[in-house]
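Each chain is listed here by its residues.
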Amino acid sequence: MKIKIHRGQNQIGGSIIEISTEKARIFLDIGIELDEDKELEVPQIEGLFCGKKDCDAVFISHYHSDHIGLVDYLLPHIPVYMGNKAYKVMKSAYDYRDIEFNFNPILIEDGVSIQVKDITITPILCDHSAFDSYMLLIEYDNEKTLYTGDFRANGRMDFDKLLEKVPCVDNLIIEGTTLSRENSIENIKEETLEKIAVEYLNKHKGPAFIMMSAMNIDRVITAKNIAKRTNRVFMQDIYTADITTSIGMTTENTRVFMTGGDKQYEKLKKYSDIKIGKNEISKTPFIMSVRSSMKNYLLKLNELVSFENGVLFYGMWKGYLEKPQTKEFIEFMESKGVKVHILHTSGHADSNTIDKLIKDVKPKRIIPVHTENAEWFSKYKEKDGFVE
Ligand SMILES: [Zn+2]
Ligand SMILES: [Zn+2]
């Protein structure tokens, strides 16, 4: 099989990978570039984005925009495949914003192979900061290629179990996001974040807030577990609640609050049994999901409950702290007596994890993608394979 990396090889984001055989032509991920200063660029790939349709299928590893962002630009009638639950998360995020969602992918599941002409594609569920993410095993004739998508070993999934599921392969297309960041220090585990926050809250009884991406389901579970272990109620804003309920997460020990407006009032109706207003919140020990757009709501809540001795757990990538809106929000929370603590771990494999996967699948050829340090893989040149 032929492998062509159209984009996203020596950069993080914007991944577009083509696999072709005599009969079939498929693409793995069609992402946008993450650089906000850059204008959106749709590469003019014949048969995919322009010209006459010449593509049998597009497989999306997960819903981060650097992997799916170009889906609206595909030529008509190209089948797109993505995770069943990943699709639900994405759809509820669009529905919440009242954005039309004309995307009807064919839904894939862990271990269930799909035949596209002479290629067999098997999705392998993996852990990442996007829920329901997949590695993709591509088989043609006797040749095997594994595309890792984005993955990590420090979430709640058992990485050794994943290693049992993946066979030895000829080609490994592997992400290396962390290799250029802070010398790829070992990632702390999602469960450790939980422990850190619980220990903190056992000593500090003030209100607790958490800033995170609602689409990072693993982090939402962390918040929920923190609440349970510290006898607090997890207060979800409607957006977070819409996403978590779409994938069947229980609402045990959670309540849903609205931050204002008629639209939110309508959306809150479906949570009639677990909705909560500011007055009741002020009398309840809680950990609350917040976003920088909630400043006005928090000002009103602060009239009913003091934020002194409170904490804001910051559960997103540190880089976002530089955004003016985030900065302003954090300063606002601090001015109300809230201490800010970073509560974050990477969604991407550290170098130990990458080594572990490579040793396990024994690739003949390694093709690094989604990295700014492809050079790192050159240590495998002579030993186990060669690097492209
Ligand atoms: Zn990515
Ligand atoms: Zn990702």
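This structure is a prediction, so every number in the text was calculated from the model and none was measured.

Overview of the overall build of the chain
For the chain, the helix and strand inventory stands at 11 helices and 19 strands. By the compact-globule yardstick of 21 Å for 388 residues, the chain fits well, its C-alpha radius of gyration being 22 Å. In terms of principal-axis extent, the alpha carbons of the chain reach across some 70 × 45 × 35 Å. Burial statistics for the chain: of 388 residues in total, 57% are counted as buried. Within the structure as shown, the chain displays about 17,900 Å² of accessible surface, and the carbon and sulfur contribution to it stands at 48%. Placing the 52 positive and 59 negative side-chain charges of the chain at their respective mean positions leaves the two points 5 Å apart.

With respect to the coordination of the zinc ion (ligand 2)
In the first shell of the zinc ion (ligand 2), the protein supplies His-62 (NE2), His-64 (ND1), His-128 (NE2) and Asp-150 (OD), at 2.1 to 2.4 Å from the metal. One can describe the site at the zinc ion (ligand 2) as irregular: its 4 donor atoms subtend angles covering 89 to 166° at the metal. Taken as an interatomic distance, the gap from the zinc ion (ligand 2) to the zinc ion (ligand 1) is 3.4 Å; Asp-150 donates to each of them. A residue pair is termed long-range when its members are at least 10 positions apart, and His-62 in the loop between strand S4 (57-59) and helix H1 (65-68) and His-128 in the loop between strand S8 (119-126) and strand S9 (133-140) qualify at 66 residues. Residue classification places His-62 among the buried positions, given a relative accessible area of 1%.

Concerning the packing of helix H2 (residues 84-96) against helix H6 (residues 238-246)
Running from amino to carboxyl end, H2 crosses H6 at an angle of 150°, the nearest separation of the two axes being 8 Å. The orientation of H2 with respect to H6, classified from their angle, is roughly antiparallel. Relative to H6, H2 is oriented so that their crossing is right-handed. Contact with H2, carried on its side by Lys-88, Val-89, Ser-92, Ala-93 and Tyr-96, involves Ile-238, Tyr-239, Asp-242, Ile-243 and Ser-246 of H6 and no other residues of that element. Grouping the amino acids of the contact of H2 with H6 by side-chain chemistry returns 6 nonpolar, 2 polar and 2 charged.

Focus on the pairing of strand S18 (residues 365-369)
Here S18 lies mainly inside the structure; 5 of its 5 residues are buried. The two faces of S18 match: Arg-365, Ile-367 and Val-369 on one face and Ile-366 and Pro-368 on the other face are all buried. As judged from the 5 bridges shared by strand S11 (residues 171-175) and S18, these two strands associate in the parallel manner. By the bridge assignment, Ile-173 is partnered in S18 with Ile-367.

Describing unusual backbone geometry
Although it is not a glycine, His-77 sits at a positive phi angle of roughly 70°. The residue His-77 is located in the loop between H1 and strand S5 (80-83) in this model. You can call His-77 exposed: its relative accessible area is 71%. At Lys-362, a position not held by glycine, the phi torsion is positive, near 40°.

What to know about the domain arrangement of the chain
The domain boundaries assigned to the chain delineate domain 1 (2-183 + 348-387) and domain 2 (190-342). Each of domain 1 and domain 2 has a C-alpha centre, and these two points are 32 Å apart. At the interface, 21 residues of domain 1 touch 21 residues of domain 2. Between domain 1 and domain 2 lies a buried interface of about 1,800 Å² when both sides are counted; carbon and sulfur atoms form 50% of it. On the domain 1 side of the interface with domain 2, the three residues burying the most area are Val-89, Tyr-96 and Arg-156, jointly 39% of the side's total.

Rules of the game
- Residues numbered from 1 in each chain as written.
- Chains lettered and ligands numbered in written order.
- Predicted model: local features only at pLDDT ≥ 70, side-chain atom pairs only at ≥ 80, totals over all residues.
- Heavy atoms only, no water.
- Helix = DSSP H or I, 4+ residues; strand = E, 2+ residues; numbered from the N terminus.
- Rg over C-alpha atoms; globule rule 2.2 N^0.38 Å.
- Buried < 20%, exposed > 50% of the residue type's maximum accessible area, 1.4 Å probe, protein only.
- Areas by Shrake-Rupley, 256 points an atom, 1.4 Å probe, with all protein chains shown as cover.
- Lys, Arg positive; Asp, Glu negative; His and termini not counted.
- Charge placed at Lys NZ, Arg CZ, Asp CG, Glu CD.
- Donors = N, O, S within 2.8 Å, 3.2 Å for Na, K, Ca; no water.
- Tetrahedral: all angles 85-135°; square planar, octahedral: opposite > 155°, others 65-115°.
- Axes fitted to C-alpha atoms, helices over the stretch in contact; angles between N-to-C directions.
- Parallel < 35°, antiparallel > 145°, perpendicular 65-115°, else oblique.
- Left-handed = near helix turned anticlockwise from the far one by under 90°.
- Contact = heavy atoms within 4.5 Å.
- Nonpolar A, V, L, I, M, F, W, Y, C, P; charged D, E, K, R; others polar.
- Pairing = 2+ DSSP bridges.
- Domains from an automatic or database assignment.
- Buried area = accessible area lost by both parts, 1.4 Å probe.

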